[in-house]
Amino acid sequence: MYRPGGGLLHRTPAGPKLLTVMALALAISLAPASPWLLAGAAALVLGGYLLTGLGLPELGRQLWGLRWLVLVMLVPQAVFLSLPAAAVNVTRVVVVVLLAALVTLTTRTEDLIDAIARALGPLRRFGVNPNRIALMLSMTITTVPVIAGFATQVREAQRARGVPVQPLAFVVPLLVMALKHSDDLADALTARGID
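Anyway, here's the lowdown on the structure attached to this text. Not measured: the values here are computed from a predicted model. (Residues numbered from 1 in each chain as written. Predicted model: local features only at pLDDT ≥ 70, side-chain atom pairs only at ≥ 80, totals over all residues. Heavy atoms only, no water.)

## Quick look at the overall build of the protein
Secondary structure assignment for the protein yields nine helices and zero strands. For the protein, the sequential pattern of α-helices and β-strands runs α-α-α-α-α-α-α-α-α. Its C-alpha atoms give the protein principal-axis dimensions of about 50 × 45 × 35 Å. Long-range pairs, those at least 24 residues apart, make up 66% of the contacts in the protein between residues at least 6 apart in sequence. Put simply, the protein shows about 12,200 Å² of open surface, and 72% of that area lies on carbon and sulfur atoms. (Helix = DSSP H or I, 4+ residues; strand = E, 2+ residues; numbered from the N terminus. Contact = heavy atoms within 4.5 Å. Areas by Shrake-Rupley, 256 points an atom, 1.4 Å probe, with all protein chains shown as cover.)

Set out below in structure tokens:
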């Protein structure tokens, strides 16, 4: 997802960016719900995308990519909670995901992984292998766009066959493709001697 650039966020090291996003995510998640908090968080996201030079088109692409997440979160919550409470919860998640996307758009994956491995370095004395955790995170980060690509393939195949939009008809093939990909990834890791 990295987009090259020379702005302030592109030049900021990965460690401080990750810490900032973690702090903002906690603040947005744990603070009492208020329209001012959500408006401020949304303004922060908008400012971040404009500051990096990615602009409104990239923000729009990121929002469009979250449409299914919003739907999956909003509908059940609207049934069990009030609609305003559901909207607040969904807005919080969307803002945090957009902030995380901003970090990945302005930071190379290898820089993120190196920063995480360095941060976990002191845990070596407790038996934690920072390199293994960094590898796992790297695979997770790189797998998200692959799964998104699978979702696009499934939807395009269904459109080509004239299949109406049905959640179960969409989720089952996507799940099968994701599980097949994870098996292939596990085989590749095993072939390279990583258990």
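This is not the end of the story, as more comes after the structure.
## Observations regarding the side chain of Gln-77
You can see Gln-77 is positioned in helix α5 (residues 67–80). Relative accessible area serves as the criterion here: at 17%, Gln-77 is assigned to the buried category. A distance of 3.4 Å separates a polar side-chain atom of Gln-77 from the backbone oxygen of Met-73. Once residues within four sequence positions are removed from consideration, Gln-77 is found in contact with Ser-82, Ala-86, Asn-89 and Val-90. (Buried < 20%, exposed > 50% of the residue type's maximum accessible area, 1.4 Å probe, protein only. Polar contact = N/O pair within 3.5 Å; in protein donor to acceptor, adjacent residues only side chain to side chain.)

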